[in-house]
Amino acid sequence: MTHATVVTAAPTKEWSTSGTLDHALPRWLVVLVLVSMASVPLLRPAGPGNSAPVDLAVAASVFAFIAVMVLQDRFPAIPYGGPVVLLIVGGALGGLLSSTAGASVVAVAQDLLLLLWCAAIATVARSHEGLRILGIGWVVSSIGWAAVLLFGIAAHNDFITGVTAAESGRVAMWFGEPNLCAIYFTISLFVLWAMRWPRHVLLRAIAAITILIVIAYTGSNAAMLGCLAGLLSAVAIQIARDHGTATLIAVAAGIGAVLVIVVPQLNISQFLQDARTGSSLLANSVARAPGAQLDRTLLASENLSLYRSRAPIGVGAGGTKQLLADRQAPYVKEAHNDYMAAALERGVLGMVGLILLVSVIGWRCVQVSRRKTLPKLRAAVPAPQYLVGAIIAV
């Protein structure tokens, strides 16, 4: 999901300035891509190879996209193809040279499918209308899913909320994991702000609040902090663009001075204690922070130990959990984060690919943030600084 978000975050060099949909693309292909994007939450029930209902929609859009590209003898838009190919090759090599070949084959196949899906999305988004259709389609579907999830919460329907005893009441919907659910809705929130849709301010505010409530029910501290960081970044870009860098520095200095005075006065320990005995929302989010940090520290330690034994080749894409289980590690889970996964599972090639990917994304964010480079982009995305905010949040 993350790569798909990144691909659509900025136009390619071949982006059309005509303001109309690329008429060479069949409308049914655009519809298939829209349906596949709207199906992202359907990650459960899981099938063989961790497949899911969403994969049917993704595969249909990818096969249709390939057929159209072949029949029209044209090359698709793959803005981040080079770095992602390095990540894929690194994961494949690591898997071939380790005992996790089976898991790596599945993971690499998933990577390739995701890359082709992103290419389909980026190709449709080459024009103003194509980008706007996909952006509004994402917003509409995510608002719909948020409404469904809120209904499930109100009705205490575990099938909809995905609540399990293991997650202590945190909602996961059909994502299978609360943090995945949270990041989807976090990205959706920034896309809503970027597209400024619904157009009516009151309706947009209601939609944003609905999504924020859903994020709160996932109990993901990272998502909530990501929302804050992304929002502050978008507002900072807006201030710098409208009033200049000097004004931004002055505002940041003022906020910093207030924080320096206020933060030392806060009793964090007491706040965490109150959160544990307070509402379920606080108990499932803020109150979990100390324990979650301990879990992450242990998992990171296990990952580093595994990395030292396999560097610079890597253990193979998707091989972390299997190798930790083989070692009878006390905390058996997937890699701690995408950065650790790149180094641990995909070796040197994966790290180079990740560095290149982050660098290219950063460069595109700079381009989107500049004052005088946005007229064409704004025709499709009225507030593109929130796309940068989404990247920061991720």
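Everything below is about the structure printed above this text.
So, how was this worked out
- Residues numbered from 1 in each chain as written.
- Predicted model: local features only at pLDDT ≥ 70, side-chain atom pairs only at ≥ 80, totals over all residues.
- Heavy atoms only, no water.
- Helix = DSSP H or I, 4+ residues; strand = E, 2+ residues; numbered from the N terminus.
- Buried < 20%, exposed > 50% of the residue type's maximum accessible area, 1.4 Å probe, protein only.
- Areas by Shrake-Rupley, 256 points an atom, 1.4 Å probe, with all protein chains shown as cover.
- Core = buried A, V, L, I, M, F, W, Y, C linked by side-chain atoms within 4.5 Å.
- Axes fitted to C-alpha atoms, helices over the stretch in contact; angles between N-to-C directions.
- Parallel < 35°, antiparallel > 145°, perpendicular 65-115°, else oblique.
- Left-handed = near helix turned anticlockwise from the far one by under 90°.
- Contact = heavy atoms within 4.5 Å.
- Nonpolar A, V, L, I, M, F, W, Y, C, P; charged D, E, K, R; others polar.
- Phe/Tyr/Trp six-rings, centres within 6.5 Å; stacked < 30°, edge-to-face > 60°.
- Salt bridge = Lys/Arg side-chain N within 4 Å of Asp/Glu carboxyl O.
- Polar contact = N/O pair within 3.5 Å; in protein donor to acceptor, adjacent residues only side chain to side chain.

A. Broad picture of the overall build of the protein chain. Regarding its fold elements, the protein chain presents 18 helices and zero strands. When burial is assessed residue by residue, the protein chain has 44% of its 394 residues classed as buried. For the protein chain, the exposed surface amounts to about 19,100 Å²; the carbon and sulfur share of it is 69%.

B. Up close: the nonpolar core. Core analysis: the largest hydrophobic core is formed by 79 residues, its most contacted members being Val33, Trp117, Leu149, Met173, Phe185 and Val381. If you tally residues by element for this core, the top one is helix H8 (residues 178-195), at twelve residues.

C. Local environment of the packing of helix H4 (residues 81-96) against helix H5 (residues 101-124). Viewed as axis vectors pointing N to C, H4 and H5 meet at an angle of 165°, and their least axial separation amounts to 8 Å. With respect to H5, the axis of H4 lies roughly antiparallel. In this structure, H4 crosses over H5, and the sense of that crossing is left-handed. Each of Gly81, Val84, Val85, Ile88, Gly91, Ala92 and Gly95 in H4 lies in contact with H5, whose residues at this interface are Ala101, Ser104, Val108, Asp111, Leu112 and Leu115. Partitioning the contact of H4 with H5 into residue classes produces eight nonpolar, four polar and one charged.

D. Broad picture of the packing of aromatic side chains. Scanning the model with the defined rule gives seven aromatic pairs in all. With centroids separated by 5.7 Å and ring planes inclined at 50°, the aromatic side chains of tryptophan 193 and tyrosine 386 adopt a geometry described as tilted. Here the residue tryptophan 193 occupies a position in helix H8, and tyrosine 386 occupies one in helix H18 (residues 385-393), the gap between them amounting to 193 residues. Of the two residues, tryptophan 193 and tyrosine 386, neither departs from the other in class, the shared state being buried. Cluster of aromatic residues (ring-pair linked, three or more members): Trp145, Phe159 and Trp174.

E. View of the pattern of salt bridges. Evaluation of the coordinates by the stated rule reveals two salt bridges. Residues arginine 27 and glutamate 129 are paired through a salt bridge, measuring 4.0 Å at the closest nitrogen-oxygen approach. Placement of the pair is arginine 27 in helix H2 (residues 27-38) and glutamate 129 in helix H6 (residues 128-155), with a sequence separation of 102 residues. Under the relative-accessibility criterion, arginine 27 is labelled partly exposed at 48%. Judged by its relative accessible area of 27%, glutamate 129 is partly exposed. In this structure, aspartate 111 and arginine 346 form a salt bridge, with 3.0 Å as the shortest nitrogen-oxygen distance. With a gap of 235 residues between them, aspartate 111 in helix H5 and arginine 346 in helix H16 (residues 338-369) connect regions that are remote in the sequence.

F. Looking closely at the packing of H4 against H16. The geometry of H4 relative to H16 is characterised by a closest axis approach of 8 Å and an angle of 170° between their N-to-C directions. Put simply, H4 runs roughly antiparallel to H16. Contact residues: Pro83, Val84, Leu86, Leu87, Ile88, Val89, Gly90, Gly91 and Leu93 in H4; Ala342, Glu345, Arg346, Leu349, Gly350, Val352, Gly353, Leu354, Leu356 and Leu357 in H16. For the contact of H4 with H16, a count of residues per class yields 13 nonpolar, four polar and two charged.

G. The arrangement of the environment of glycine 176 in detail. As for its position among the elements, glycine 176 is in the loop between helix H7 (158-161) and H8. Between the alpha carbons of glycine 176 and threonine 164 there is a distance of 9.7 Å; along the sequence they are twelve residues apart.

H. The arrangement of the side chain of arginine 170 in detail. Along the polypeptide, arginine 170 turns up in the loop between H7 and H8. When its relative accessible area of 5% is taken as the criterion, arginine 170 is described as buried. Among the polar contacts made by the side chain of arginine 170, one reaches the side chain of asparagine 179 at a distance of 3.1 Å. Side-chain polar atoms of arginine 170 contact the backbone oxygen of threonine 218, separated by 2.7 Å.

I. Looking closely at unusual backbone geometry. Following arginine 44, the chain continues into proline 45 via a peptide bond in cis, with omega recorded as 5°. Here proline 45 is to be found in the loop between H2 and helix H3 (53-72). Although it is not a glycine, histidine 156 sits at a positive phi angle of roughly 55°. Position of histidine 156 among the secondary structure elements: in the loop between H6 and H7. Looking at histidine 156, the relative accessible area reads 68%, which means it is exposed. One non-glycine residue, arginine 196, lies in positive phi territory at about 50°. Within the element layout of this structure, arginine 196 appears in the loop between H8 and helix H9 (201-218). Classification of arginine 196 by relative accessible area gives partly exposed; the value is 39%.

The values are spatial; any link to function lies outside them.
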